[in-house]
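Coordinates in review
Each chain, letter by letter, is given below.
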Amino acid sequence: MNLLKVVMSVSESFEKHEVVLDVVPLAPKDLAKVVYTEGVEANLGNELTPTQVKDSPCVTWDVEAGALYTLVMTDPDAPSRAEPKAREFEHWLVVNIPGNEVSKGDVLAPYVGAGPPQGTGLHRYVFLIYKQPGKVVDKEHGSNPGREKRRSWKVAAFAEKHKLGSPVAGNLFQAQWDEYVPILHKKLAG
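Below, the structure is looked at part by part. Everything numeric here is computed off the predicted structure, so don't read it as measured data. (Residues numbered from 1 in each chain as written. Predicted model: local features only at pLDDT ≥ 70, side-chain atom pairs only at ≥ 80, totals over all residues. Heavy atoms only, no water.)

**A short note on the environment of G170**
The cut-off we apply is this: Put simply, DSSP H or I for four residues or longer makes a helix, DSSP E for two residues or longer makes a strand, and each gets a number counted from the N terminus. Exposure categories follow from relative accessible area, calculated using a 1.4 Å probe and restricted to protein chains: below 20% of the type maximum is buried, above 50% is exposed, and the middle band is partly exposed. In what follows, residue pairs with any heavy atoms lying within 4.5 Å of each other are defined as contacts.
Within the fold, G170 resides in strand β9 (residues 169-175). Look at G170 and you get buried, because its relative accessible area is 0%. In this structure G170 touches V10, F14, P28, D30, L31, A32, F127 and L128, once residues within four positions along its chain are discounted.

Here is the structure:
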């Protein structure tokens, strides 16, 4: 695929799905490849089910040698897109990733799949990759925030706090309630 086409597609998708302004002020330039089990992929706003995305995906992007990265997955539509009173819900946060070896990064918030409440329609699940200016240390964040601490979390505020700048890569999918959501919510409740 032509690189220019990918750049246009990421930017156009983030604009079309209103991720720009709802989550970040600028769309990332590059595409982050997000692949779930059995080859299911996030594809710039396609619809996936909570069942398909219950386990953490393999996420890759173009890297700069020796650089560290931050990976974020956020839902700006909590509890619904029509009334996002808890915008955003933090689904995944990994910092200090060498290249795109996510498993070697420091997990600040373990992966939680899509869990849109019944009757709330489609939610956007946004992946953002930031190139770090150095190692990120965030003792206030903790290593496994509970459900309440994940609500009303703002990726833009986290990026500003750690001087991450604009995201360098991104992707998104949309999901709505399915029969897996009550199982997920039960797990989150502890």
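**A closer look at the environment of H17**
Secondary-structure assignment places H17 in the loop between α1 (3-16) and α2 (19-22). Sequence-wise, H17 and L172 are 155 residues apart; in three dimensions their C-alpha atoms are separated by 9.1 Å. Discounting residues that sit within four places of it in the chain, H17 has contacts with L44, G45, R81, R124, L172 and Q174.

**Some words on unusual backbone geometry**
Most peptide bonds take the trans form, and the phi angle of most residues other than glycine is negative. Residue A78 is joined to P79 through a cis peptide bond whose omega torsion reads 0°. Along the chain, P79 falls in the loop between β5 (68-75) and β6 (89-98). Following R87, the chain continues into E88 via a peptide bond in cis, with omega recorded as -5°. Note on placement: E88 falls in the loop between β5 and β6. One non-glycine residue, E18, lies in the positive phi region at around 60°.

**Notes on the pattern of salt bridges**
The test is simple: Salt bridges are identified by distance alone: a Lys or Arg side-chain nitrogen within 4 Å of an Asp or Glu carboxyl oxygen.
Under the definition given, this model contains 9 salt bridges. The residue R81 makes a salt bridge to E18 at a minimum N-O spacing of 3.3 Å. Taken together, the residues span a long stretch of sequence, with R81 in the loop between β5 and β6 and E18 in the loop between α1 and α2 at a distance of 63 residues. On the basis of relative accessible area, R81 is assigned to the partly exposed category, the value being 29%. Of the charged contacts in the structure, one is a salt bridge between D22 and R124, with a shortest N-O distance of 2.9 Å.

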